[in-house]
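Below, each chain spelled out in residue letters.
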Amino acid sequence: MKAAARLAPGRPSAAAPAAWAASDPYAAALRSGHGPLFLRRTDGWLLPLDVERWCARADTVDLEVLDRCEGTVLDVGCGPGRLVAELAARGRTVLGIDVSEAAVTRTVGLGGQSLRRSVFEPLPGEGRWDTVLLMDGNVGIGGDPRALLTRVAALLVPGGLLIAETAPVEVDERAEVQVVDVTDGHAADSPFPWARVGTRALLRRAGAAGWRSAGQWTSGERRFVALRSSRPASSSAEPPNSTAVVSSQRARKPSADSPVTPA
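Residues numbered from 1 in each chain as written. Predicted model: local features only at pLDDT ≥ 70, side-chain atom pairs only at ≥ 80, totals over all residues. Heavy atoms only, no water.

Engineer: In this structure, what is going on with the nonpolar core? I would like to understand it.
Structural biologist: A general tendency of soluble globular proteins is for nonpolar side chains to be buried together. Judged by nonpolar contacts, the single largest core of 48 residues is most densely connected at Leu74, Val119, Leu162 and Trp211. Excluding residues within four positions of it along the chain, tryptophan 211 makes contact with Leu149, Val152, Ala153, Leu156, Leu162, Ala206, Leu227, Arg228, Ser229 and Ser230. By size, the runner-up hydrophobic cluster in this structure holds 18 residues, among which are Leu66, Ile163, Trp217 and Ala226. (Core = buried A, V, L, I, M, F, W, Y, C linked by side-chain atoms within 4.5 Å. Buried < 20%, exposed > 50% of the residue type's maximum accessible area, 1.4 Å probe, protein only. Contact = heavy atoms within 4.5 Å.)

In structure tokens form, the structure reads like this:
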């Protein structure tokens with residue numbers, strides 16, 4: 001992917017809509033398995049979304065990431081579920097969350113467990129997940145990487161592992177964007193906050209938030225960072241299990257996919 005023009009800094013809105021859930025172009029692309037689909041900034045800047053790869057089976061680069069996962073795994077912004085399905089096939093306890101009903105439906109259809117919910121809403125197994133995944137640019141969820149890192153730390157066990165896919169260029173950007181199908185100009189109803197974060201920027205933010213670096217690597221054209229949570233241990237924490245994950249999957253309308261203070 002070519003480097004794009006720098007995004008103008010954007011202020012995340014506490015009332016931002018659950019845009020992935022409201023985006024008909026996104027749902028249509030997941031159902032069909034192909035784009036073209038883009039994130040469009042208000043000034044017309046476009047970031048292509050790799051729908052075909054997301055809807056395919058986990059590729060070699062994905063498998064390298066999954067081999068690094070420890071224990072129970074929470075895939076934040078799981079999309080159509082290729083990673084959740086692969087981990088489930090390996091017999092792992094894994095849950096995908098996504099605000100898109102189409103994404104959840106497709107994940108379940110592949111044999112994975114998925115819940116329609118924002119990462120900033122209450123989730124099953126909080127503080128008891130061994131690994132959290134932020135793949136495919138999902139470190140940009142909510143438009144505030146610091147708030148997202150804080151939230152993920154609350155989801156992990158003390159010393160738990162976060163694996164995040166960073167931008168392929170060194171950027172640290174925020175913007176208001178929409179999901180758009182450029183073939184007909186159809187877009188989500190409302191812009192929502194998003195961020196693009198390169199490896200150096202993520203490591204800098206994570207270090208300031210108390211995370212410990214556990215590695216960084218490049219595979220193909222994709223870049224990744226592994227971080228360790230420094231959250232203090234709690235004597236009452238128990239690991240999530242498959243029964244708890246299944247029982248949590250009651251229908252629920254997702255709230256805004258923007259940063260809130262974790263309960």
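Engineer: Could you clarify how one ought to interpret the sheet that holds strand E5 (residues 114–116) in this entry?
Structural biologist: Backbone hydrogen bonds hold the strands of a sheet together, and the pairing may be parallel or antiparallel. With mixed pairing, seven strands are arranged side by side in an open sheet as E5-E4-E3-E6-E7-E12-E11. Looking at the sheet topology across the chains shown, the edges are occupied by E5 and strand E11 (212–219). Shown here is a sheet whose adjacent strand axes are inclined to one another by a mean of 20°, direction ignored. Two elements, strand E4 (residues 94–98) and E5, share three bridges in a ladder whose sense is parallel. Counted as the bridge partner of aspartate 98 is arginine 116 from E5. Against the sheet, helix H8 (residues 199–208) contacts strand E7 (156–166), E11 and strand E12 (222–228), and its axis sits at roughly 10° relative to E12. (Pairing = 2+ DSSP bridges. Helix = DSSP H or I, 4+ residues; strand = E, 2+ residues; numbered from the N terminus. Axes fitted to C-alpha atoms, helices over the stretch in contact; angles between N-to-C directions.)

Engineer: I'm lost on the pattern of salt bridges in this one. Help?
Structural biologist: Two side chains bearing opposite charge may form a pair once their charged atoms approach each other closely. Applying the stated criterion across every chain, the model contains 19 salt bridges. Salt-bridge contacts for aspartate 136 lead to arginine 222; the nearest nitrogen and oxygen are separated by 3.8 Å. Of this pair, aspartate 136 sits in the loop between strand E6 (129–134) and helix H7 (145–155) while arginine 222 is found in strand E12, placing the two residues 86 residues apart along the sequence. A residue is classified by how much of its surface remains accessible, and aspartate 136, at 19% relative accessible area, is buried. Beyond isolated ion pairs, a larger network of salt bridges with shared partners links Asp50, Arg53, Asp59, Asp62, Arg82, Asp136, Glu165 and Arg222. (Salt bridge = Lys/Arg side-chain N within 4 Å of Asp/Glu carboxyl O.)

Engineer: What is the right way to look at the packing of aromatic side chains in this model?
Structural biologist: Two numbers describe a pair of aromatic rings. These are the distance of the centres and the angle of the planes. Under the defined criterion, the tally for this structure stands at two aromatic pairs. A ring pair is formed by phenylalanine 192 and tryptophan 194, whose centres lie 6.2 Å apart and whose planes are at 85°; its orientation type is edge-to-face. In terms of burial, phenylalanine 192 and tryptophan 194 fall into one category: buried. Consider the rings of tryptophan 217 and phenylalanine 224, whose centres lie 5.4 Å apart with planes at 20°: the pair is stacked. Using a relative accessible area of 13% as the deciding quantity, one classes tryptophan 217 as buried. Looking at arginine 68, its charged tip hangs above the ring of tryptophan 217, at a distance of 3.6 Å from the centre. (Phe/Tyr/Trp six-rings, centres within 6.5 Å; stacked < 30°, edge-to-face > 60°. Lys NZ or Arg CZ within 6 Å of the ring centre and 35° of its normal.)

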